[in-house]
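A closer look at the structure
Below, each chain spelled out in residue letters.
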Amino acid sequence: MNSGHQHRVFGRRAQEHILILASGDKVRHMTVRPWMAALAFCFVGVFSIGYLLATSYLVLRDDLIGATMARQARMQHDYEDRIAALRAQVDRITSRQLLDQQVVEDKVDKLMEQQMALTSRHGKLDNLLDRAESSGLTEKDGAPPAPVQSYAPDVKDKRASLSGSGIEAIEKQLASGAPADATPDNSTLAYVPATDTVGDRADRIFSKVTLSLKDVEQDQRNRVEQLTSDAGNAANAIETVLTRFKIPMPETAARKDDDDAVGGPYVEPESNDGFNNSLAALDGALTRLEAVRSTAESLPFRNPAIGKDVTSPFGNRRDPFLGRLALHSGIDFRFSPGERIRPTAPGKVISAGWTGGYGNMVEVDHGNGISTRYGHMSEILVKVGDTVDRNDVIGLAGSTGRSTGTHLHYEVRQDGHAVDPVYFMNAGLKLATYIK
């Protein structure tokens, strides 16, 4: 009834499977549930899959091991290639740094040679420029520019200065850009092109410095040539004036004296350097100028009474005491009583005292057969044998001797004959820019 009731309520019910196990007198039964069947099926499936996988592994194990070993070998080869590329790049960078350092050292050597040459030349120029300045050809402000580097280190120390911190300082100064980046690609790692190296930057910087030194050298050459030309022109101008007065040129006597007192062992001449030749030419021109300038400064080319009135010129005139024509052998300048009288050029006093119509007179010998006389002085302040300069006072103005009033009788004599002092004073105006 219950079974019929269940069929009516739930429909037909599946029959249960019963597993009966008999062993002798013992009988056991076990109802097989659906979940138990599913569990058994899953277990069998898992076992089968495990078995298949284990069998496949055992069958394919050698292939898998070979593939793994091949992959490891490829990876090892890739790493070895990369390491070799990195080593090649390190060697290349190291070689380039060594080459750049050598290039820098060579450039520094050349620059130091040029600097030492310019320093040596500048030292030689100092003496010549001082002489040119004393000759009135240049001023200190017009001196040629000094070298780019005012201190040249010792040659024996320049190698040491390039090592350690020295080369680092140079590299810091030369490093104006970043180095080229290395690419991680193994195919191009060892062949990274260098866009700009320290050597390239050193070439540019040293080229600029070399051009600057060449400009300095050219400025020195131009300055030396200009000074040589100016010295030659000044010497020619002075010689023209001296020749007019038949004054012998001093270089002829100097050359003769030099030839008479020279000697020494023979040594091969220095290298035929154009700059040294120009220095020698400048030295010769300055020597010639100094000689003729010294001769001109020793002669009475100056006015003995600047700003004073001329009361009687050189030449024939009516004698103030006799009233007849007579030669006036000098020039009379109006002076105040007791006013100081100075010579027109350095020389040696050969006469100092009362001399006839000159009254108190001083005569100064200037060499080359030329002397000057200063007459009518009230007092003489020098004696025979004294050496006087242009600024020395030789006496005081007066009216002694044949004189009608206080004045200075100034007379120039050449080879014992009186000449017009105006000729010498006019020549002095032309030489004013060349003599002190």
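A brief report on the enclosed structure follows.

Cut-offs and rules
- Residues numbered from 1 in each chain as written.
- Predicted model: local features only at pLDDT ≥ 70, side-chain atom pairs only at ≥ 80, totals over all residues.
- Heavy atoms only, no water.
- Helix = DSSP H or I, 4+ residues; strand = E, 2+ residues; numbered from the N terminus.
- Buried < 20%, exposed > 50% of the residue type's maximum accessible area, 1.4 Å probe, protein only.
- Contact = heavy atoms within 4.5 Å.
- Areas by Shrake-Rupley, 256 points an atom, 1.4 Å probe, with all protein chains shown as cover.
- Pairing = 2+ DSSP bridges.
- Patch = residues over 30% accessible without salt bridge, like charges linked within 9 Å, V, L, I, M, F, W, Y side chains within 5 Å.
- Salt bridge = Lys/Arg side-chain N within 4 Å of Asp/Glu carboxyl O.
- Arc of directions from axis to C-beta.
- Polar contact = N/O pair within 3.5 Å; in protein donor to acceptor, adjacent residues only side chain to side chain.

1. Some remarks on the overall build of the chain
Within the chain one finds eight helices and 14 strands. For the chain, the proportion of its 436 residues judged to be buried stands at 31%. In the chain, the share of contacts with a sequence separation of at least 24, taken over all contacts with a separation of at least 6, comes to 68%. Put simply, the chain shows about 27,900 Å² of open surface, and 55% of that area lies on carbon and sulfur atoms.

2. Focus: the pairing of strand S13 (residues 407–414)
Within S13, eight of the eight residues are buried, which leaves the element mostly enclosed by the surrounding structure. Both faces of S13 are covered, namely the face carrying His-407, His-409, Glu-411 and Arg-413 and the face carrying Leu-408, Tyr-410, Val-412 and Gln-414. Bridge analysis of strand S6 (residues 331–334) against S13 gives four bridges, and the strand direction is antiparallel. Among the inter-strand pairings, Arg-334 is bridged to a residue of S13, identified as His-407. As paired strands, strand S10 (residues 370–380) and S13 are joined by six bridges and run antiparallel to one another. Considered in S13, the bridge of Tyr-374 is made with Tyr-410. The loop that links S13 with its antiparallel partner strand S14 (residues 417–419) comprises two residues; one of these, Asp-415, has a positive phi angle of about 55°.

3. Overview of a nonpolar patch on the surface
Residues Tyr-57, Leu-58, Val-59, Leu-60 and Leu-64 make up a contiguous nonpolar surface patch of roughly 520 Å² in combined accessible area. For Leu-60, the position within the fold is in helix H2 (residues 34–134). A relative accessible area of 43% means that Leu-60 is categorised as partly exposed.

4. Focus on helix H8 (residues 421–430)
Regarding H8, the residues found buried are Pro-421, Phe-424, Met-425, Ala-427 and Gly-428. Mapping the buried residues of H8 onto a view down its axis gives an arc of 160°, with all of them on the same face. Residues of H8 that are exposed and point more than 90 degrees away from the buried face comprise Tyr-423, Leu-429 and Lys-430.

5. Overview of unusual backbone geometry
Positive phi, normally seen in glycine, also occurs at Lys-246, with a value near 60°. Lys-246 gets classed as exposed once you look at its relative accessible area, which sits at 74%. At Asn-368, a residue that is not glycine, the phi angle is positive and equals roughly 55°. By secondary structure assignment, the location of Asn-368 is in the loop between strand S9 (360–365) and S10.

6. A few points about the environment of Gly-357
Residue position: Gly-357 is located in the loop between strand S8 (347–354) and S9. Linking Gly-357 and Arg-402, residues 45 residues apart in sequence, is a C-alpha distance of 4.8 Å. Once residues lying within four places of it in the same chain are set aside, the contact partners of Gly-357 are His-376, Thr-400, Gly-401 and Arg-402.

7. Notes on the pattern of salt bridges
Oppositely charged side chains can form a pair if their charged atoms are brought close together. If you walk through the whole model with that rule in mind, you get nine salt bridges. Glu-239 is paired through a salt bridge with Arg-288; the nearest N and O atoms lie 3.0 Å apart. One end of the pair, Glu-239, is in helix H5 (residues 198–244); the other, Arg-288, is in helix H7 (residues 274–297), and 49 residues separate them in sequence. On the accessibility criterion, Arg-288 (22% relative accessible area) is partly exposed. It is possible to trace a salt-bridge network through shared partners that takes in Glu-363, Arg-373, Glu-411 and Arg-413.

8. What about the environment of Arg-302?
Structurally, Arg-302 can be placed in the loop between H7 and strand S3 (310–312). Those residues in contact with Arg-302, other than ones at most four positions away along the chain, are Glu-297, Thr-344, Arg-390, Tyr-410, Met-425, Ile-435 and Lys-436.

9. Considerations on the environment of Pro-346
Along the chain, the position of Pro-346 falls in the loop between strand S7 (340–341) and S8. The exposure class of Pro-346 is partly exposed, given its relative accessible area of 28%. Counting along the chain gives 45 residues from Pro-346 to Asn-391, while the straight-line C-alpha distance between them is 8.8 Å.

10. Here we look at the side chain of Thr-372
Secondary-structure assignment places Thr-372 in strand S10. By relative accessible area, which is 0% here, Thr-372 ends up buried. Within the structure, the side chain of Thr-372 is placed 2.9 Å from the side chain of Tyr-374, a separation counted as a polar contact. The contacts of Thr-372, once residues within four sequence positions are left out, are Pro-300, Thr-344, Val-362, Glu-363, Val-364, His-366, Tyr-410, Glu-411 and Val-412.

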